[in-house]
Amino acid sequence: GAPPRHWTDFTVRTFGASQPPAAARATLAPLWQSAREAWGCVSRWAGDALPEAKATLGPPASATEWQLFVSRLGLEGLQASEPLLAYRLLSAVHDGQRVASDAVTALRQLRDFVDP
């Protein structure tokens with residue numbers, strides 16, 4: 001039916017070719033629900049208290065962006081771990097914030113990473 005198909009589409013979109021093993025996939029639904037609820041709380045609070053902050057919430061991280069993140073940090077062997085799955089699902093809702101000061105910091109860190 002529709003729910004399994006929707007869930008399959010979601011996991012393919014979220015994890016790409018690097019699907020978590022079957023044992024880890026059993027934890028995805030509750031982790032996904034928790035991630036959505038957590039970002040929902042942040043979004044509601046920001047909408048009420050700081051609308052300009054809510055406007056900076058980033059879009060979901062794509063599977064490609066996630067793979068690049070995992071690769072750059074050397075976390076490939078940990079992708080099935082519950083903490084990393086939880087973090088992936090959080091980033092599948094919003095990939096943090098998009099603010100200029102964060103971009104400058106990230107570029108400095110990337111430059112240090114690439115050219116130590």
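An account of the accompanying structure is given in this report. (Residues numbered from 1 in each chain as written. Predicted model: local features only at pLDDT ≥ 70, side-chain atom pairs only at ≥ 80, totals over all residues. Heavy atoms only, no water.)

Let us look at the side chain of Thr 56. Structurally, Thr 56 can be placed in the loop between helix 4 (51–54) and helix 5 (63–72). Residue classification places Thr 56 among the buried residues on the basis of a relative accessible area of 16%. Every residue in contact with Thr 56, bar those within four places of it in the chain, is listed here: Gly 96, Gln 97, Arg 98 and Val 99. (Helix = DSSP H or I, 4+ residues; strand = E, 2+ residues; numbered from the N terminus. Buried < 20%, exposed > 50% of the residue type's maximum accessible area, 1.4 Å probe, protein only. Contact = heavy atoms within 4.5 Å.)

Going through the model one piece at a time under the given rule, you end up with one salt bridge. Linking Arg 98 and Asp 95 is a salt bridge whose minimum nitrogen-to-oxygen distance equals 3.6 Å. Using a relative accessible area of 27% as the deciding quantity, one classes Asp 95 as partly exposed. (Salt bridge = Lys/Arg side-chain N within 4 Å of Asp/Glu carboxyl O.)

Take the nonpolar core next. Phe 15, Leu 28, Trp 32, Leu 85, Leu 89 and Val 93 are the most contacted members of the largest nonpolar core, which has 13 residues in total. Within the residue set of this core, elements represented by two or more residues are helix 1 (2–15), helix 3 (28–49) and helix 6 (82–91). It is helix 3 that contributes the most residues to this core, five residues altogether. (Core = buried A, V, L, I, M, F, W, Y, C linked by side-chain atoms within 4.5 Å.)

Within the element layout of this structure, Leu 31 appears in helix 3. Leu 31 gets classed as buried once you look at its relative accessible area, which sits at 16%. Taking the C-alpha atoms as reference, Leu 31 lies 9.2 Å from Tyr 87; in sequence the two are 56 residues apart. Leaving out residues up to four positions away in the same chain, Leu 31 has contacts with Glu 82, Leu 85, Ala 86 and Leu 89.

Of all the positions in helix 6, only Leu 84, Leu 85, Arg 88, Leu 89 and Ser 91 are classed as buried. Taken around the axis of helix 6, the buried residues stretch over an arc of 160 degrees, which confines them to a single face. (Arc of directions from axis to C-beta.)

Helix 6 packs onto helix 5 with a crossing angle of 140 degrees between their chain directions and a minimal axis gap of 11 Å. Looking at the two axes, helix 5 sits oblique to helix 6. In the crossing of helix 5 with helix 6, the sense of the turn from one axis to the other is right-handed. For the pair helix 5 and helix 6, contact is made by Ala 63, Trp 66 and Phe 69 and by Leu 84, Tyr 87, Arg 88 and Ser 91, respectively. (Axes fitted to C-alpha atoms, helices over the stretch in contact; angles between N-to-C directions. Parallel < 35°, antiparallel > 145°, perpendicular 65-115°, else oblique. Left-handed = near helix turned anticlockwise from the far one by under 90°.)

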